[in-house]
Amino acid sequence: MTAAPQPHSFDTIDLPVVGMTCASCVGRVERALKEVPGVASASVNLATERATVTGTAPRAALVAAIEDAGYDVPAAPTSLDLAIEGMTCASCVARVEKALLAVPGVTSANVNLATERATVQGAADPAALVAAIEDAGYDARPIRAQAAPDTEADARREVERRALRRDLLVAAALTLPVFVLEMGSHFIPAIHAFVMNTLGMQTSRILQFVLTSFVLFGPGLRFLRKGLPALGRLAPDMNSLVAVGTLAAWTYSTVATFAPRVLPAGTANVYFEAAAVIVTLILLGRTLEARAKGRTSEAIRRLLHLQPPTARVRRDGAVTEIPAADLRPDDLVEVRPGERIPTDGEVTEGGSFVDESMITGEPIPVEKGPGARVTGGTVNRTGAFTFRATAVGGDTVLSQIIRLVEQAQGSKLPIQALVDRVTLWFVPAVMAAAALTFLVWLVLGPDPALTFALVNGVAVLIIACPCAMGLATPTSIMVGTGRGAELGVLFRNGEALQSLRDVRAVALDKTGTLTEGKPALTDLETAPGFDRDATLAAVAAVEARSEHPIARAIAEAAEARGLTLAAAEGFASVTGMGVRAEVNGQRVEIGADRFMASLGLDVSPFAATAQRLADEGKSPLYAALDGRLAAILAVADPIKPTTPAAIAALHALGLKVAVVTGDNRRTAEAIARRLHIDEVVAEVLPEGKVDTIKRLKAQHGALAYVGDGINDAPRSPRPTWASPSAPAPTSPSNPPMWC
């Protein structure tokens, strides 16, 4: 008997082809591909410039065949992040972007001054990108998705911040007397009289010369070291403008101080204070900028710290503790109560309740058993379990979220992109204006023309030097996002900050945004003859034996009231009904109305309360003591105390307010009624939130979406955010708000 031939397992490879111009090109490429061993079929499309090949041939052989036929196969476009050192202003950003875009294969380049990073799209060689940046006068290195805090970069930023603070303090201390000596005389006659009567004009100028020289060649030396070489490369930046302007002011003032006769009569003035103040103000701007850089990186650092540094892994029949970065797919990882889960995986043994609020924003821990998926960075609450790692390193959900944050921090406001384009030409334009001024005075000015030309050319440089345009936009962004962070508001992307002025409606997540984000005992009403505290203590004693989050909320309410919980004996769970146990010899039964009915108890005395709870979207529970109906209670996620005022403030601005939640409609509508929210979109699946937001946007116009939980930001059509120094979402009790 002859065995039937086994079918081949073919792969389909799609290749872009560049250089085809007609049908004969298509035929030539197809023939070349079909001649490659292992190709079962090949189809080439001229309109899309792509070839689809089925078979077992390797991709490299297919590419070689196409190239031998005279056509090109461009490399698949990739995204590469580069860390850049040495950028100090908006013109640096524009210059680096220009250098990157000139590299063959680059399709787009986005450089961010605050994060000191460049994101490059295309197929360019990383070495070529680094070389282009270095040729522009900056240092660069490729970076990959972080799996641990970048301590080296943090240390470098801290050293930079300390150096700037030190230089700023020194410059300010030396500049202040220069400013008082020169400008104080103009504003306060008494200071002028004091200087003339004690120091004299010449001594005052010599003192200003000494102090300004220390400022310029001390703290201000950083501008000379960077600005003058950039000028030599014919690529002047803000440092160049500061260097030329301050040197011009210092040189002219030095001449006016020690050789005033070479200057025209009446022009031997000194501008030492201008040089010193310029250096001090620019240092102040750089110091604020360095602080902002630290704040932007703080968001990444806190997200990275959500992943525990180590993990317990079963290998070779033993459990060993290894760095979380060394985890491999299919590793069996053990997790104990209270620990963070080190990576993504699937539970294989044991069970627990896992707090996933930092990902989902939902307050109630989720029960996990064999087969359930767990996410790295979430917190195991009660039990212990073992899971199989399914994603490690840069492939985990947390790493992808960090990647989104990094991309967002590299995004720019539209106005910032305009500023970058303008400042790229601003420095050369100022220098050109100064040169033109010099030439005009040299040709048309009175004698001595050269001296007047120098004076007026230098004046243009001095006036233009601070270049507020390069500082105003970044500073305003820092202030806006920084103040928002202090209030717990994290902006998802830079453009959101600028677009807020056009918003006509606000969509809010419910859990953790409108509400506290944590279940709590909200209602407890006792029947006649039962003491409230005694009843709560008995119920809590039973619920303390349960790991369910609702039971924990009841137990925590009793503890908050300072009640002593006795030991519960004979604890039993009645499936689908409730729980029972004995506390101090008293039988305690807790559950839904159907449980009470099975016990022969009538819950109608609490009918009005039950109806009210239902209207508020709460599910009532009943408690019976020794066979008598004792109380009705409810556990829910309470509304934050500040929420009503916030909704009222939004309405006062003329905005429509909607709530978008995955909770049941009754609960959502009950909360909306209490808060006077205009529209309710309930029972929305996570993947449906984006479509809901698009619909609301089409209905109301420009829309802002506000949510807690890291998951709320990546769901948006634009998965980016900028997050400064707000508290990290490391616990459900301290969630940020994402815009």
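The chain is annotated in an unreviewed UniProt entry as P-type Cu(+) transporter of Rubellimicrobium mesophilum DSM 19309. The record held by UniProt for the chain lists under Subcellular location (unreviewed entry) the comment "Cell membrane". Per UniProt, the chain carries the Sequence similarities (unreviewed entry) text "Belongs to the cation transport ATPase (P-type) (TC 3.A.3) family. Type IB subfamily."

Broken down by element type, the chain carries 23 helices and 28 strands. Buried positions account for 50% of the 739 residues belonging to the chain. If you take every contact in the chain between residues at least 6 apart in sequence, the share linking residues at least 24 apart comes to 68%. Taken as a whole, the chain presents about 34500 Å² of accessible surface, with 59% of it coming from carbon and sulfur.

What follows concerns the pattern of salt bridges. With the rule as written, the count across this model stands at 17 salt bridges. Among the salt bridges present, the one from Glu-346 reaches Arg-373, with a minimum N-O distance of 3.7 Å. Of this pair, Glu-346 sits in strand 11 (residues 344–350) while Arg-373 sits in strand 14 (residues 373–374), and the two are 27 residues apart along the sequence. One salt bridge connects Arg-587 with Glu-589, and the closest N-O pair in it is separated by 3.4 Å. Glu-589 gets classed as buried once you look at its relative accessible area, which sits at 3%. Here the residues in one salt-bridge network are Asp-330, Glu-346, Arg-373 and Arg-388, joined through shared partners.

Taken in spatial order, the 4 strands make up an open sheet running 26-25-18-27, and their pairing is parallel. Every other strand in the sheet has two partners, leaving strand 26 (679–681) and strand 27 (703–706) as the edge strands with one partner each. The average angle at which neighbouring strand axes cross in this sheet is 20°, direction not considered.

Between helix 8 (residues 221–232) and helix 9 (residues 238–258), the least distance of the axes is 7 Å, while the angle of their chain directions is 105°. Comparing the axis directions of helix 8 and helix 9 gives the class roughly perpendicular. The residues of helix 9 that touch helix 8, namely those facing Phe-223, Leu-224, Lys-226, Gly-227, Leu-228, Ala-230 and Leu-231, are Asn-239, Ser-240, Val-242, Ala-243, Val-244 and Leu-247. When grouped by side-chain class, the residues that make up the contact of helix 8 with helix 9 number 9 nonpolar, 3 polar and 1 charged.

This brings us to the UniProt feature "transmembrane region" (unreviewed entry) in the chain. This chain's UniProt record puts "transmembrane region" (unreviewed entry) on residues 168–194, 206–224, 236–258, 270–288, 422–444 and 450–473. A helix fraction of 84% and a strand fraction of 0% characterise residues 206–224, whose end C-alpha atoms lie 23 Å from each other. When the span residues 270–288 is considered, its composition is 89% helix and 0% strand, and the gap between its end C-alpha atoms is 30 Å.

Right, let's get into helix 21 (residues 643–652). Every α-helix carries 3.6 residues per turn, so stepping three or four residues along brings you back to the same face. Every buried residue belonging to helix 21 is among Thr-643, Ile-647 and Leu-650, and all of these are buried. All buried residues of helix 21 fall inside an arc of 60° around its axis, so they share one side. Helix 21 presents Ala-645 and Ala-652 as exposed residues on the side facing more than 90 degrees away from its buried surface. Among the structural elements, strand 18 (505–509), strand 25 (656–660) and helix 22 (665–675) are those in contact with the buried residues of helix 21. One or two positions beyond helix 21, positive phi appears at Gly-654, with a value near 80°.

Residues Leu-436, Leu-439, Val-440, Trp-441, Leu-442, Val-443, Leu-444, Leu-450 and Leu-454 make up a contiguous nonpolar surface patch of about 870 Å² in total accessible area. Within the residue set of the nonpolar patch, elements represented by two or more residues are helix 13 (414–444) and helix 14 (449–464). Counting residues per element, the nonpolar patch draws most heavily on helix 13, which supplies 7 residues. When you line up the elements, Leu-439 lands in helix 13. Looking at Leu-439, the relative accessible area reads 47%, which means it is partly exposed.

Attention now goes to the pairing of strand 25. Here strand 25 lies mainly inside the structure; 4 of its 5 residues are buried. In the sheet, strand 18 pairs with strand 25 via 5 bridges, with the strands oriented parallel. The residue bridging Ala-507 from the neighbouring strand is Ala-658, located in strand 25. In this structure, strand 25 lies alongside strand 26, joined through 3 bridges in parallel fashion. Its bridge partner being in strand 26, Val-659 is matched across the sheet by Val-680.

Spatially, the 3 strands line up as an open sheet ordered 13-12-15, and their pairing is antiparallel. Strand pairing shows two members of the sheet lacking a second neighbour, strand 13 (366–368) and strand 15 (379–380), which therefore form its edges. Of the pairings in the sheet, the one linking strand 12 (residues 352–355) to strand 13 comprises 3 bridges and is antiparallel in character. Opposite Val-354, over in strand 13, you have Val-366 as the bridge partner.

What follows deals with the packing of aromatic side chains. Summed over all chains, the structure comprises 5 aromatic pairs. With a centroid separation of 5.3 Å and 85° between ring planes, the pair formed by Phe-217 and Trp-250 is classed as edge-to-face. Of the two residues, Phe-217 sits in helix 7 (residues 201–217) while Trp-250 sits in helix 9, which places them 33 residues apart along the sequence. The class for Phe-217 is partly exposed, based on a relative accessible area of 39%. Overall, Trp-250 belongs to the buried group, its relative accessible area being 17%. Within the aromatic cluster, the residues linked to one another by ring pairs are Phe-209, Phe-217, Trp-250, Phe-258 and Phe-272.

With their axes 10 Å apart at the nearest point, helix 7 and helix 9 run at an angle of 155° to one another. Taken together, helix 7 and helix 9 sit at an angle that is classed as roughly antiparallel. Seen along the crossing, helix 7 lies across helix 9 with a hand that is left-handed. Residue-level contacts link Gln-202, Arg-205, Ile-206, Phe-209, Thr-212, Ser-213, Leu-216 and Phe-217 of helix 7 to Thr-246, Leu-247, Trp-250, Thr-254, Ala-256, Thr-257 and Phe-258 of helix 9. Residue composition of the contact of helix 7 with helix 9, by class: 8 nonpolar, 6 polar and 1 charged.

This next bit is on the pairing of strand 18. Burial within strand 18 is extensive, with 5 of its 5 residues counted as buried. Taking every second residue as pointing to the same face, both faces of strand 18 are buried, with Ala-505, Ala-507 and Asp-509 on one and Val-506 and Leu-508 on the other. In the sheet, strand 18 pairs with strand 27 via 4 bridges, with the strands oriented parallel. Residue pairing in the sheet places Val-506 in a bridge with Ala-704 of strand 27.

Even without glycine at this site, Asp-330 takes up a positive phi of about 75°. Considering the arrangement of structural elements, one finds Asp-330 in the loop between strand 9 (318–323) and strand 10 (332–335). What makes Asp-330 exposed here is its relative accessible area of 51%. Non-glycine residue Asn-584 carries a positive phi angle of around 55°. You can see Asn-584 is positioned in the loop between strand 21 (578–583) and strand 22 (586–591).

Conventions used here
Residues numbered from 1 in each chain as written. Predicted model: local features only at pLDDT ≥ 70, side-chain atom pairs only at ≥ 80, totals over all residues. Heavy atoms only, no water. UniProt positions renumbered as here; feature names shortened; annotations may be inferred. Helix = DSSP H or I, 4+ residues; strand = E, 2+ residues; numbered from the N terminus. Buried < 20%, exposed > 50% of the residue type's maximum accessible area, 1.4 Å probe, protein only. Contact = heavy atoms within 4.5 Å. Areas by Shrake-Rupley, 256 points an atom, 1.4 Å probe, with all protein chains shown as cover. Salt bridge = Lys/Arg side-chain N within 4 Å of Asp/Glu carboxyl O. Pairing = 2+ DSSP bridges. Axes fitted to C-alpha atoms, helices over the stretch in contact; angles between N-to-C directions. Parallel < 35°, antiparallel > 145°, perpendicular 65-115°, else oblique. Nonpolar A, V, L, I, M, F, W, Y, C, P; charged D, E, K, R; others polar. Arc of directions from axis to C-beta. Patch = residues over 30% accessible without salt bridge, like charges linked within 9 Å, V, L, I, M, F, W, Y side chains within 5 Å. Phe/Tyr/Trp six-rings, centres within 6.5 Å; stacked < 30°, edge-to-face > 60°. Left-handed = near helix turned anticlockwise from the far one by under 90°.

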